[in-house]
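# Survey of secondary and tertiary structure
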Amino acid sequence: MFIVNHLRCEYRKNPIGLDISSPRISWHLESDARNVVQEAYQIQLSLVPEMNRIEWDSGRQHSNRSIHVELTGWKPVPRTRYYYRVRAWDGAGNESEWSEPAFFETGLMDAEDRWQADWITAGAALKDDPSCPRLRRVFELQKAVVRATIYATALGLYELHLNGARVGDHYFTPGWTSYDKRLQYQVYDVTSMLVAGQNVIGAVLGDGWYGGHLGWDGRKGLFGDDCALLLELHIRYEDGSEDRILSGKDWMASASAIAMSDIYMGETYDARLESDWLDASRASWSPAAILDHAKDIIVAQENVPVTAMEQLKPIALLTTPEGDRVLDMGQNMVGWMRFSVQGDPGQTVELLHAEILDHAGNFYTENLRSAKQQVQYTLKGGGVETYEPHFTFQGFRYVKLIGFSEPIQIDDFTGVVLHSNMERTGEFACSSPLVNQLHHNILWGQKGNFLDVPTDCPQRDERLGWTGDAQMFIRTASYLMNTAPFFTKWLRDLRADQHEDGGIPFFVPDANVSGSDSAHSSAAWGDAAVICPWTLYEMYGDTRLLAEQYDSMKQWIEYIRSQGDNPYLWNTGFHFGDWLGLDSKPGSYVGATDRDYVATAFYAYSVSLTRKAASVLGYDQDAVYFDQLHAQIIQAFRNEFVTPAGRISVPTQTAHVLALHFDLLEPEHRKRAGDQLVKLVEEAGNHLTTGFVGTPYLNPVLSAAGHRDLAYTLLFQKDYPSWLFQVTQGATTVWEHWDGMREDGSLWSRDMNSFNHYAYGAIGEWLYRDVAGIRPDEHRPGFGMVHIEPQPGPGLDWVKAKVDTMYGTVSSAWHRQDNGEMIVEVHIPANVSGTVLLPLAAKAAVKEQGQPLEEVTAIRAFRAEGTDTRVELGSGSYTFTYVLPKADEHPELEAEKVQSS
Ligand code: RAM
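All values reported here derive from a predicted model rather than from experimental measurement.

Criteria and cut-off values
Residues numbered from 1 in each chain as written. Predicted model: local features only at pLDDT ≥ 70, side-chain atom pairs only at ≥ 80, totals over all residues. Heavy atoms only, no water. Helix = DSSP H or I, 4+ residues; strand = E, 2+ residues; numbered from the N terminus. Rg over C-alpha atoms; globule rule 2.2 N^0.38 Å. Buried < 20%, exposed > 50% of the residue type's maximum accessible area, 1.4 Å probe, protein only. Contact = heavy atoms within 4.5 Å. Lys, Arg positive; Asp, Glu negative; His and termini not counted. Charge placed at Lys NZ, Arg CZ, Asp CG, Glu CD. Salt bridge = Lys/Arg side-chain N within 4 Å of Asp/Glu carboxyl O. 1 Å grid on protein atoms, 1.4 Å probe; cavity = no way out; pocket = protein on both sides within 12 Å on 5 of 7 lines; lining within 4 Å. Points joined across faces, edges and corners; volume = space filled by probe spheres on them. Nonpolar A, V, L, I, M, F, W, Y, C, P; charged D, E, K, R; others polar. Near = heavy atom within 4 Å. Polar contact = N/O pair within 3.5 Å; in protein donor to acceptor, adjacent residues only side chain to side chain. Areas by Shrake-Rupley, 256 points an atom, 1.4 Å probe, with all protein chains shown as cover. Pairing = 2+ DSSP bridges. pLDDT = per-residue confidence, 0-100. Expected span 1.5 Å × (residues − 1). Core = buried A, V, L, I, M, F, W, Y, C linked by side-chain atoms within 4.5 Å. Axes fitted to C-alpha atoms, helices over the stretch in contact; angles between N-to-C directions. Parallel < 35°, antiparallel > 145°, perpendicular 65-115°, else oblique. Left-handed = near helix turned anticlockwise from the far one by under 90°. Phe/Tyr/Trp six-rings, centres within 6.5 Å; stacked < 30°, edge-to-face > 60°. Lys NZ or Arg CZ within 6 Å of the ring centre and 35° of its normal.

For the rest of this paragraph, the subject is the overall build of the protein chain. Looking only at helices and strands, the protein chain features 14 helices and 48 strands. For 901 residues, the compact-globule estimate of 2.2 N^0.38 gives 29 Å, and the protein chain sits close to it at 29 Å. By the burial criterion, 61% of the 901 residues in the protein chain qualify as buried. Residue pairs at least 24 apart in sequence account for 74% of intrachain contacts in the protein chain once pairs closer than 6 positions are excluded. A distance of 2 Å separates the average location of the 77 positive side-chain charges in the protein chain from that of its 120 negative side-chain charges.

Below, the structure is given as structure tokens:
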């Protein structure tokens, strides 16, 4: 077997609406042989799925490249669907069949006639009506249609209808971008929805992030207050002619049954006001008005769409001590409730949403602050009515039901989980149910907070694209799901919102949500500008994105360099520091680690990553510059914060974590710092005291410094503060505070207490990268080279993990047997090379499927590395077994190198 499959264009399966002049194609190779390397490939493009007329043919390209292969040397035509297929040759003389064809469809691109439609609003007649406006147009079709495509966007949010049916399965379109600079449009194939004769097209608009409440100070309409639609329906007939239905003054507007819809507040709906799209007679329609608004800021959809990803049924219907009827969804989730109800016309039912019940078991909403998360539905009567909201989402586990007639049937309620439709890539399971629950909670933190932008939390009056949180979690997120399109879009917003002097807003998109001009450029937050593109480069091999972001990265560095009067220390300005660290002063959110220490450490780190980016992109002079700058920062850091004998003068866990993780110390001082970190953890009773900045790196640093057992001890702590404390308290997502809810049931302050905050979920990376040991290699990014370095530790008997990479699935599993034997199973996909690190130097003790290593032909080489053996492999599945060494017995080093064929 040697096949090519899993065709993707710009990370996506059959995307429509790409405005990229040289799209990139990626594929997987599959083979049951070991050591498979692609020697050559061929790509063909066609306008027809049968592929019998070829538009463009790459010819046989001698190359092992199978990810991000740019289609160049051919010019895409706007609004055109291209089918493509791939075949490949391996080095052993095998030739694959052609893959099944996949397709991509171009959008409006830079066509001269793009956006002939006008922006339209509901106009003066609905000016003071707070309901969501509807816009509608009727048109006739006389001829047979072969293709019909809608291109649409909105100021606010839109939902399209064609002949009474909802168009597409996307929600929260056109997504949240920095609306004054960038606005996405979406493309829908509606060929099958048109009919001969009369057709009706319509849209409902909601305020969304554009015009609704945003931020914690109650402000609204930060981007604008007029919701508007821009739409083109392009119709191609059998006879080759074309028509366009454009948004314009021939559209009509009316109020809708959605009386109010707001991201934070919820939705109010009066079903008595419903009127059919097809029958205009029941509503009063007035002419739509034209709005003058920019069109040159419109870009094709870059992110994957938000869709309904899962449905949950309530696990219980409770009556609280206060007498409330409350559904328990069994999971802190983000999305909304769909429900069915029957009753009299005018009867109103209400749903309130909360993350937790308080100590007494009552419904608790104080931590939502001003976000109401309230859905109200007024019945039209006369049968079963089923409803779900349109332009709002809630973060909740519990739903308080008001006005429903008893007996309430659980079956009438469904939780619809909504988030950006990213491909799930990571799976992790181990012998500890509590750690599995932690992994589950991390995953649900991502589901809840990746709704078009990476947010800190999904429930209170915040839900903002906090840069620091995104930076902390991006690597874990990119193990769990394919985040590349999601972060590509967000990084473009970051670039768009970056200040002229290189400063980075606290959150992106920005729109001055905080109402303060100084809400920008905190260390570890602004560093998202550098850490995010570099992480995507490592995880997906995305050089194009790195090149796109490179100026933004450089500007951020330049911003820091120009602060204060010492260009190598960052000791000025406002910083969040080690946010929510447990060593903070009473009443403060800021951990004890000096803020200029954190700032200078991140400065050094970002410069080191920007230097790497410069080398990757071939900016050699820049690389030299950043190299020198880095050396100077490190020097200044040591002068300021490290004694000549190597003591770090800031005596916190986070300070030691950062110095080690960012490699800021003299090599001979590293051991001392590691030992000191151990001491600090021990002094805290084997607990962490770290906040947002230190926590993500704590366990990775302990593992790397040879203190794996302590990292495991921290993982397995069950009392406060620890990851498993919240798990044992019944958490189903990760909390903002280590003590969001205390053992005695009391709660952290009401003003900032999210139970769905992914930041501390950044430990997920350690589970994949260290415990299971699946690591990318920055020199062959996107897992073109993979290092599998499992780290068994006390408390776990087995671990099983996999990551679906750009090349295919990498997996790693280890299992400690009762007889003292360890089994390590790994899989490396075709066209990838790997190494496996096994904790023994005595090669004779390690066997692969019962054979001594040197007899396994697929093994290219192995060598001693410290007390370990590093085995170099080609693709394939391997099972290694060895007898575990007793604690302090180290076999003699036997450095050997076996040359493979
Ligand atoms: C709060 C949240 C958020 C954090 C900022 C600094 O709003 O905890 O996650 O990034 O503070």
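On to the pattern of salt bridges. Note that side chains of opposite charge can pair when their charged atoms are close. Summed over the entire model, instances satisfying the criterion amount to 61 salt bridges. Among the salt bridges present, the one from E765 reaches R475, with a minimum N-O distance of 3.5 Å. Note that E765 is positioned in helix 14 (residues 763-771) and R475 in helix 3 (residues 467-480), a separation of 290 residues in sequence. Pair check on accessibility: E765 and R475 agree, each one buried. Members of the salt-bridge network, linked through shared partners, are R182, E302, D452, K489, R492, D493, R495 and E548.

For the largest pocket, the calculated volume is near 1,000 Å³. Taken together, 39 residues line the largest pocket, and the ones lying closest to its centre are Y605, K612, H661, R769 and E778. Of all the secondary-structure elements, those providing two or more residues to the lining of the largest pocket are helix 3, helix 5 (528-540), helix 7 (595-617), helix 9 (653-661), helix 11 (695-704), helix 14 and strand 38 (774-776). It is helix 3 that provides the largest number of residues to the lining of the largest pocket, a total of six residues. Residues that form the lining of the largest pocket fall into these classes: 17 nonpolar, nine polar and 13 charged.

Taken together, the residues surrounding the ligand are D456, R460, E462, W466, D469, W525, F576, W579, F692, E736, M752 and H757. Between the ligand and the protein, one listed contact pairs an oxygen atom with a side-chain N or O atom of W525 at 3.1 Å. In the environment of the ligand, an oxygen atom lies 3.2 Å from a nitrogen or oxygen atom belonging to the side chain of W579. Coverage of the ligand by the protein amounts to 97% of the 290 Å² it exposes when considered alone. Taken together, the residues of the shell around the ligand sort by class into six nonpolar, one polar and five charged.

Taken in spatial order, the six strands make up an open sheet running 14-13-16-11-19-22, and their pairing is antiparallel. Single-partner strands in this sheet number two, and they are strand 14 (165-166) and strand 22 (286-287).

Our next topic: the confidence of the model for the protein chain. Residues at a pLDDT of 70 or more form 98% of the protein chain, whose mean pLDDT is 95. Counted against residues more than four places away or in other chains, residues 887-901, with its pLDDT under 50, gives 26 contacts.

Over its 19 residues, helix 6 (residues 543-561) extends 26 Å from the first C-alpha to the last, a length consistent with the 27 Å expected when each residue adds 1.5 Å. Residues of helix 6 that are buried sit in contact with helix 4 (484-497), helix 5, helix 7 and helix 8 (620-641).

What follows deals with the nonpolar core. Core analysis: the biggest nonpolar cluster contains 222 residues, and F172, W209, F428, W490 and F880 have the highest contact counts within it. Counting 31 residues, the second largest nonpolar core, distinct from the first, contains I150, L233, I235 and W251.

Turning our attention to the side chain of R460. Residue placement: R460 occurs in the loop between strand 37 (453-454) and helix 3. Side-chain polar atoms of R460 contact the side chain of E736, separated by 2.8 Å. Ignoring anything within four residues of it in the chain, the contact list for R460 reads Y264, N367, L368, R369, A371, E736, M752, N753, S754 and H757.

Right, let's talk about the packing of helix 4 against helix 5 for a bit. Describing two packed helices takes the angle between their axes plus the distance from one axis to the other. Two numbers describe how helix 4 lies on helix 5: the axes approach to 11 Å, and their chain directions differ by 155°. What the angle tells us is that helix 4 and helix 5 run roughly antiparallel. Seen from above, helix 4 lies across helix 5 with left-handed handedness. Contact with helix 4, carried on its side by A484, F487, W490, L491 and L494, involves A528, A529, C532, P533, L536 and Y540 of helix 5 and no other residues of that element. Classifying every residue of the contact of helix 4 with helix 5 by side-chain character gives 11 nonpolar, no polar and no charged.

Moving on, we come to the sheet that holds strand 46 (residues 859-865). Strand order in the open sheet made by the five strands is 38-39-43-47-46, with mixed pairing throughout. Of all the strands in the sheet, just strand 38 and strand 46 have a single pairing partner and so form its edges. Across the sheet, the mean angle from the axis of one strand to that of its neighbour is 20°, orientation sign disregarded. Examined bridge by bridge, strand 39 (residues 785-788) and strand 43 (residues 833-838) share four bridges and lie parallel to one another.

In this section: the pairing of strand 34 (residues 413-420). Where burial is concerned, most of strand 34 is hidden: eight out of the eight residues are buried. Pairing between strand 25 (residues 306-312) and strand 34: six bridges, direction antiparallel. Paired with T307 across the strands is H419, a residue of strand 34. Across five bridges, strand 27 (residues 325-341) lies against strand 34 in antiparallel orientation. The residue bridging G335 from the neighbouring strand is V417, located in strand 34.

All right, on to the packing of aromatic side chains then. Summed over the entire model, instances satisfying the criterion amount to 69 aromatic pairs. Relative to W336, the ring of Y171 lies with its centre 5.3 Å away and its plane at 85°, an arrangement referred to as edge-to-face. A residue pair is termed long-range when its members are at least 10 positions apart, and Y171 in the loop between strand 14 and strand 15 (183-189) and W336 in strand 27 qualify at 165 residues. When its relative accessible area of 0% is taken as the criterion, W336 is described as buried. Note on W466 and F506: the rings are 6.1 Å apart at their centroids and 15° apart in plane angle, and the pair reads as stacked. Taken together, the positions of W466 in the loop between strand 37 and helix 3 and F506 in the loop between helix 4 and helix 5 put the pair 40 residues apart, joining distant regions of the chain. Comparing W466 with F506 shows no difference in burial state: the two are buried. Against the face of F103 rests R81, its NZ or CZ located 4.1 Å from the ring centre. When the ring centre of W98 is taken as reference, the NZ or CZ atom of R85 above it lies at 4.4 Å.

Looking now at unusual backbone geometry. A cis geometry characterises the amide bond from T173 onward to P174, with omega recorded as 10°. Looking at the secondary structure, you find P174 in the loop between strand 14 and strand 15. Following E406, the chain continues into P407 via a peptide bond in cis, with omega recorded as -5°. Although it is not a glycine, N512 sits at a positive phi angle of roughly 50°. Summarising the element assignment, N512 is placed in the loop between helix 4 and helix 5. According to the relative accessible area criterion, N512 is partly exposed, its value standing at 29%. Positive phi, normally seen in glycine, also occurs at L580, with a value near 65°.

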